[in-house]
2 protein chains.
Amino acid sequence: MIDVVGLGPGAGGGRTADAQAALAVADVLVGYTAYIALIRTEYPDKPVFDTAMRGERARCEEALRLSRAGKRVALVCSGDAQVYGMAALLLELSQETDDIRVVPGVTAALSAAALLGAPLSGDFAAISLSDLMTPWEMIERRLHAAAQGDFVIALYNPMSRKRTDQLRRACEILLQYRSADTVCGWARMIGREGEQARTLTLAELREAQVDMFTTVIIGNSSTRLRFGRMLTPRGYAL
Amino acid sequence: MIDVVGLGPGAGGGRTADAQAALAVADVLVGYTAYIALIRTEYPDKPVFDTAMRGERARCEEALRLSRAGKRVALVCSGDAQVYGMAALLLELSQETDDIRVVPGVTAALSAAALLGAPLSGDFAAISLSDLMTPWEMIERRLHAAAQGDFVIALYNPMSRKRTDQLRRACEILLQYRSADTVCGWARMIGREGEQARTLTLAELREAQVDMFTTVIIGNSSTRLRFGRMLTPRGYAL
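Residues numbered from 1 in each chain as written. Chains lettered and ligands numbered in written order. Predicted model: local features only at pLDDT ≥ 70, side-chain atom pairs only at ≥ 80, totals over all residues. Heavy atoms only, no water.

Some points on the pairing of strand E3 (residues 48–51) of chain B
Residue and element names in this part refer to chain B.
Next up, step 1: Strand direction decides the pairing type here: strand E2 (residues 28–32) and E3, joined by 4 bridges, are parallel. Paired with Leu29 across the two strands is Val48, which belongs to E3.
Next up, step 2: Each parallel crossover has a hand, and the one from E2 via helix H2 (residues 33–40) to E3 is right-handed. (Pairing = 2+ DSSP bridges. Helix = DSSP H or I, 4+ residues; strand = E, 2+ residues; numbered from the N terminus. Right-handed = clockwise from strand over helix to strand, strands pointing away.)

Structure, rendered in structure tokens:
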């Protein structure tokens, strides 16, 4: 059996009881090296199979092989198990007889937004700016659509060492619909050493340098700052 | 101090360690009666302040009053603390001196989707069909936008005893963009007695009778069924 486990943000507090139980009962832990490192100290004696970035397929295949050999496997993902995680690839590679359970976790949109205030109070859209597996044209189409729907937007993978221009291009699209002083924010290293969060305007975000550990929240036309925190009112008449 | 706590789905397994700790340390638990009932047995001796639906403002004001009187308060929400939850209203009613922390939780889009397979593997939009606080025109605009962006869509509050027509109207909008056999699913009573999940087509969803305990997932143009489960491929070349 394989549990695809969303670990939530960082190293522990954001993890659910179900995720914790799936790790505890597993015979083998499988995952990206950096995420295995987050949980390794809790389970120093469990066998692990970890690979570097882009080793997703190898991880899923090893998880399936181990499960078919009778092992109970925890295939771990940061945040949620599905959202930009491994659950879909595992299902895609699985056969009908494979026993797979998806254990959801707190995805970065939620944990980043919580550090920033309460910007995700209602309807929102999550968009990854990584064009590794989604054509950039599709990403642009989704940015336009999310802007037209006045969604609060959570941007995943806004930038990396190799992809340095996507956040600026995304902000330029959003600036066609939203004012330059739209309230935005980012959070990085959530739940880990070095956790940071800050608010800024959409114009400032366009020029911002962030990294692959960062999640960005872009307010909609109702989002404002209250005592330095992002707030999208729910619509109660106060 | 007030912790606005996302309890995650149902009665325990989906709750994070941070949420659990916030409940344990609280002097008073504040929330909607049905959510307080979910945690009451764990903390039988803690004082509670609970109100029925639509008592949101009273709950926030009582939480603020108690906090200003020196109590540590856990203001509980089902799922996440922000997403269709109480964090935004609390921030809106707060003063600068109020000490408020938002503790995120697994929102129903994630927990429903996990029961259905892995439909939320990538970009997605969350939309509530309740027009109690959002004008129906805005909801329609968001449905059009999400469809145009080919987002997988999570629908919250698809139907209630009084609102019986919104899901049908939403499906009719989506059918302007997506085929009648688009893979959809719903889950209800997640993590609770009576948990159910099923997949169905968009045409079938238009005629479906669901309730206020249900979350609906609507696949995009890539979503398909694999061994009876929803799968939106991530885009790996297999």
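Focus on the interface of chain A and chain B
Next up, step 1: Across the boundary between the two partners, chain A contributes 71 residues, which contact 71 residues of chain B.
Next up, step 2: Both sides together, the interface formed by chain A and chain B hides about 6100 Å², and carbon and sulfur atoms give 59% of it.
Next up, step 3: Counting every contact that joins chain A to chain B gives 4 salt bridges.
Next up, step 4: Salt-bridge contacts for Asp123 of chain B lead to Arg142 of chain A; the nearest nitrogen and oxygen are separated by 3.0 Å. (Contact = heavy atoms within 4.5 Å. Buried area = accessible area lost by both parts, 1.4 Å probe. Salt bridge = Lys/Arg side-chain N within 4 Å of Asp/Glu carboxyl O.)

Side note on a nonpolar patch on the surface
Next up, step 1: On the surface, Met53, Met212 and Phe213 of chain A cluster together to form a nonpolar patch covering roughly 280 Å² of accessible area.
Next up, step 2: Inspection of the secondary structure assignment puts Met212 of chain A in the loop between helix H8 (202–207) and strand E11 (214–218). (Patch = residues over 30% accessible without salt bridge, like charges linked within 9 Å, V, L, I, M, F, W, Y side chains within 5 Å. Areas by Shrake-Rupley, 256 points an atom, 1.4 Å probe, with all protein chains shown as cover.)

Concerning the nonpolar core
Next up, step 1: If you look at the biggest cluster of nonpolar residues, it comprises 54 residues, and the most contacted ones within it are Leu205 of chain A together with Leu205 of chain B.
Next up, step 2: With residues up to four places along the chain from it excluded, the contact list for Leu205 of chain B reads Leu167, Cys171, Cys184, Trp186, Leu200, Val216 and Ile218 of chain B.
Next up, step 3: The next biggest cluster of nonpolar side chains, apart from the first, holds 40 residues, and it includes Ala154 of chain A together with Val83, Tyr84 and Leu120 of chain B. (Core = buried A, V, L, I, M, F, W, Y, C linked by side-chain atoms within 4.5 Å. Buried < 20%, exposed > 50% of the residue type's maximum accessible area, 1.4 Å probe, protein only.)

Notes on the relation of the copies chain A and chain B
Two copies of a chain can be linked by a rotation about an axis combined with a shift along that same axis.
Next up, step 1: The two copies are related by a screw operation: chain A maps onto chain B through 180° of rotation and 0.0 Å of translation along the axis, at an RMSD of 0.0 Å. Both copies of the chain, as the preceding transformation shows, are related through a two-fold rotation axis. (Least-squares fit on C-alpha atoms with pLDDT ≥ 70 in both.)

Thoughts on the side chain of Ser130 of chain A
Residue and element names in this part refer to chain A.
Next up, step 1: With respect to the element layout, Ser130 can be found in the loop between strand E7 (124–128) and helix H6 (136–148).
Next up, step 2: A polar contact of 3.3 Å, which involves the side chain of Ser130, links it to the backbone nitrogen of Leu132.
Next up, step 3: Each residue touching Ser130, except ones within four places of it in the same chain, is listed here: Ile139, Asn157 and Arg163. (Polar contact = N/O pair within 3.5 Å; in protein donor to acceptor, adjacent residues only side chain to side chain.)

With respect to the packing of aromatic side chains
Next up, step 1: A complete count under the given rule lists 5 aromatic pairs over all chains for this structure.
Next up, step 2: Ring geometry for Tyr84 of chain A versus Tyr156 of chain A: centroids 4.6 Å apart, planes at 50°, classification tilted. Here the residue Tyr84 of chain A occupies a position in the loop between strand E4 (73–77) and helix H4 (87–93), and Tyr156 of chain A occupies one in strand E8 (residues 152–156), the gap between them amounting to 72 residues.
Next up, step 3: Arg142 of chain B extends its terminal NZ or CZ atom over the ring of Phe151 of chain A, reaching a point 5.6 Å from the ring centre. (Phe/Tyr/Trp six-rings, centres within 6.5 Å; stacked < 30°, edge-to-face > 60°. Lys NZ or Arg CZ within 6 Å of the ring centre and 35° of its normal.)

As for the sheet that holds strand E4 (residues 73–77) of chain B
Residues and elements named next belong to chain B.
Next up, step 1: Read from one edge of the open sheet, 5 strands run E3-E2-E4-E1-E5, paired in parallel fashion. Looking at the sheet topology across the chains shown, the edges are occupied by E3 and strand E5 (100–103). For this sheet, the mean inter-axis angle between neighbouring strands, taken without regard to orientation, is 15°.
Next up, step 2: Two strands pair when backbone bridges link them, and E2 and E4 are joined in this way by 3 bridges, in the parallel orientation. The residue bridging Val28 from the neighbouring strand is Val73, located in E4. (Axes fitted to C-alpha atoms, helices over the stretch in contact; angles between N-to-C directions.)

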